[in-house]
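# Fold and contact review
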Amino acid sequence: MTATIDRMTISERVTSPPARLSLTPAGSAPGLLDGAWWPRSRDLSRELPALIDVLDARWGRITRVTVNPTHWPMIPHKVPVAGHTVHVGWFADEQDPHKMILLSYTAGRWDLLVIPPETDAAAAARLMAAAATPNGLATASALMANEDTSREAKESLDREEEWETEGGHAAPGSMSSAREM
């Protein structure tokens with residue numbers, strides 16, 4: 001996937017729905033992630049304002065965000081957010097493709113798992129809970145890989161269950177047809 005870097009600043013703020021966010025409890029032991037964010041689309045210009053509004057109140061003014069361009073088709077250079085501008089950067093090789101880094105000049109750095117918008121609600125809930133675990137040692141990509149493995153195992157089990165409830169390979173009445181041959 002190729003990312004387009006948009007160097008223009010959007011002068012009008014785009015209205016965003018509330019952020020779907022899960023954060024580690026305040027004062028908890030630090031881990032590799034500080035929580036998870038589940039955007040509704042892959043449009044950073046539209047999604048970032050709602051996220052930053054919530055985080056500014058909790059963590060202090062967010063001034064810079066970095067992403068990996070793997071999952072973002074267009075990366076704006078700047079995004080206006082509630083009276084200030086957030087600078088957006090990207091790192092293709094250096095940053096986990098499933099992680100967003102948020103920086104504040106006054107309060108530090110936070111790392112969030114970014115859950116793909118197309119993720120179903122149950123999987124997103126599991127990922128959000130896992131990323132918000134205090135003292136968590138899983139990376140963003142490890143959490144996504146674990147969820148993919150769990151989903152594939154469940155799908156395999158569902159297929160096996162369906163196979164068993166349908167009587168296996170042979171359809172009803174096909175055994176008598178096979179004997180007649």
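Overview of the structure.

Calculation notes
- Residues numbered from 1 in each chain as written.
- Predicted model: local features only at pLDDT ≥ 70, side-chain atom pairs only at ≥ 80, totals over all residues.
- Heavy atoms only, no water.
- Phe/Tyr/Trp six-rings, centres within 6.5 Å; stacked < 30°, edge-to-face > 60°.
- Helix = DSSP H or I, 4+ residues; strand = E, 2+ residues; numbered from the N terminus.
- Buried < 20%, exposed > 50% of the residue type's maximum accessible area, 1.4 Å probe, protein only.
- Arc of directions from axis to C-beta.
- Polar contact = N/O pair within 3.5 Å; in protein donor to acceptor, adjacent residues only side chain to side chain.
- Contact = heavy atoms within 4.5 Å.

## Concerning the packing of aromatic side chains
- Counted according to the given criterion, the structure contains two aromatic pairs.
- Taken together, a centroid distance of 6.2 Å and an interplanar angle of 15° make the contact between W37 and W72 stacked. Here the residue W37 occupies a position in strand β3 (residues 35-37), and W72 occupies one in the loop between β4 (64-67) and β5 (74-81), the gap between them amounting to 35 residues. Just as W37 is buried, W72 falls in that class too.

## Overview of helix α2 (residues 121-131)
- Regarding α2, the residues found buried are A123, A124, L127, M128 and A131. Looking down the long axis of α2, one finds its buried residues gathered within 135° of arc, a one-sided arrangement.
- Measuring from the backbone nitrogen of A122 back to the side-chain oxygen at the start of α2 gives 3.1 Å, which picks out D120 as the cap.

## So, the side chain of T119
- Relative to the elements of secondary structure, T119 occurs in the loop between β8 (108-114) and α2.
- Side-chain polar atoms of T119 contact the backbone oxygen of P116, separated by 2.8 Å.
- In this structure, T119 is in contact with W38, A124 and L127, ignoring residues within four places of it in sequence.

The quantities given are spatial measurements derived from coordinates; they are silent on function.
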